[in-house]
Amino acid sequence: MRLVLDTDVVVAAMRSPSGASAAILKSIRRAKAALLLSVPLAMEYEAVCQQAEHRLAAGLTQAQADVFVTAVIAMAEPVETHFLWRPQLRDPGDEMVLEAAVNGRADALVTFNLRDYGQVPGRFGVELLLPRTAIERIRR
């Protein structure tokens, strides 16, 4: 299964190592799923994971958060953006996530914010999944 993870899923994995989001990253590390990642989305992961609010909630130092996000990025398959599909979504911040999914031909885009994406990913053949649903599918 080829996945694009919204930033909220990566942050949840960092903050809660026993949750569904962390289980997705573990599955990716074990090659049971593939993480697709564009440069803009990787930069977003890096910026958000380094925010003090998330680092402190995770109990990580800045260096540890950097190791975490570097490991996530290292596991990913790079996606080149050939087409910009903007604007498609209500939140401009989600556009880069959708673009990575579409350009990478992802099977699914994983997020906690289903309403923010609505039906748009489906128009491009990308399924929209919550982390718990994604990990259930990976484990089948």
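Structure's up top.
Residue positions are given per chain, counted from 1 along the sequence in the order it is written. The predicted nature of this model means local features are confined to residues of pLDDT at least 70 and side-chain atom pairs, given and counted, to a pLDDT of 80 or more, with totals for whole chains, interfaces and linings taken over all residues. Excluding hydrogens and water, the side-chain figures rest on all heavy atoms present in the structure.

Draft legend 1. Fine view of the pattern of salt bridges. Salt bridges are identified by distance alone: a Lys or Arg side-chain nitrogen within 4 Å of an Asp or Glu carboxyl oxygen. Tallied over the entire structure, the rule returns 2 salt bridges. Put simply, Arg2 and Glu77 hold a salt bridge, and the shortest N to O gap is 3.1 Å. A residue pair is termed long-range when its members are at least 10 positions apart, and Arg2 in strand β1 (residues 2-5) and Glu77 in strand β3 (residues 77-78) qualify at 75 residues. Residue classification places Arg2 among the partly exposed residues on the basis of a relative accessible area of 32%. Under the relative-accessibility criterion, Glu77 is labelled partly exposed at 34%. Only DSSP runs of H or I with at least four residues qualify as helices, and only runs of E with at least two residues qualify as strands; both kinds are numbered from the N terminus onward. The buried label goes to any residue with under 20% of its type's maximum accessible area, the exposed label to any with over 50%, and the partly exposed label to all in between, with areas taken from a 1.4 Å probe on protein chains only.

Draft legend 2. Structural context of the nonpolar core. We call a set of buried residues a nonpolar core when its members are Ala, Val, Leu, Ile, Met, Phe, Trp, Tyr or Cys and they connect through side-chain atoms within 4.5 Å of each other. By size, the foremost hydrophobic cluster in this structure holds 46 residues, and its most contacted members are Leu3, Val4, Leu5, Ile24, Leu41, Tyr45 and Phe68. Considering each element in turn, this core owes the most residues, 6 residues, to helix α6 (residues 95-103). Contact criterion: two residues are considered in contact whenever any of their non-hydrogen atoms come within 4.5 Å of each other. Aside from chain neighbours lying at most four places away, what touches Val4 is Leu36, Leu41, Val97, Ala100, Ala101, Ala106, Ala108, Leu109 and Val110.

Draft legend 3. A look at helix α9 (residues 131-139). Listing the buried residues of α9 in full gives Pro131, Ala134, Ile135 and Ile138. All buried residues of α9 fall inside an arc of 95 degrees around its axis, so they share one side. Its buried side turned inward, α9 meets β1, α1 (7-15), α2 (20-29), β4 (108-110) and β5 (127-129). Arc definition: directions from the helix axis to the C-beta atoms.

Draft legend 4. Structural detail: the pairing of strand β2 (residues 34-37). Burial along β2 is two-sided: Ala34 and Leu36 and Leu35 and Leu37, pointing in opposite directions, are all buried. What makes two strands pair is DSSP finding at least two bridges between them. As paired elements, β1 and β2 share 2 bridges and run parallel to each other. In the sheet register, Leu3 faces β2, and the bridge partner there is Leu35. Both β2 and β3 contribute to a ladder of 2 bridges, which runs parallel. Residue pairing in the sheet places Leu37 in a bridge with Pro78 of β3.

Draft legend 5. Just unusual backbone geometry, in detail. For Ala31, which is not a glycine, the phi torsion comes out positive at approximately 65 degrees. On the secondary structure map, Ala31 appears in the loop between α2 and β2. If you check the backbone angles, Arg105 has positive phi at about 55 degrees while not being a glycine.

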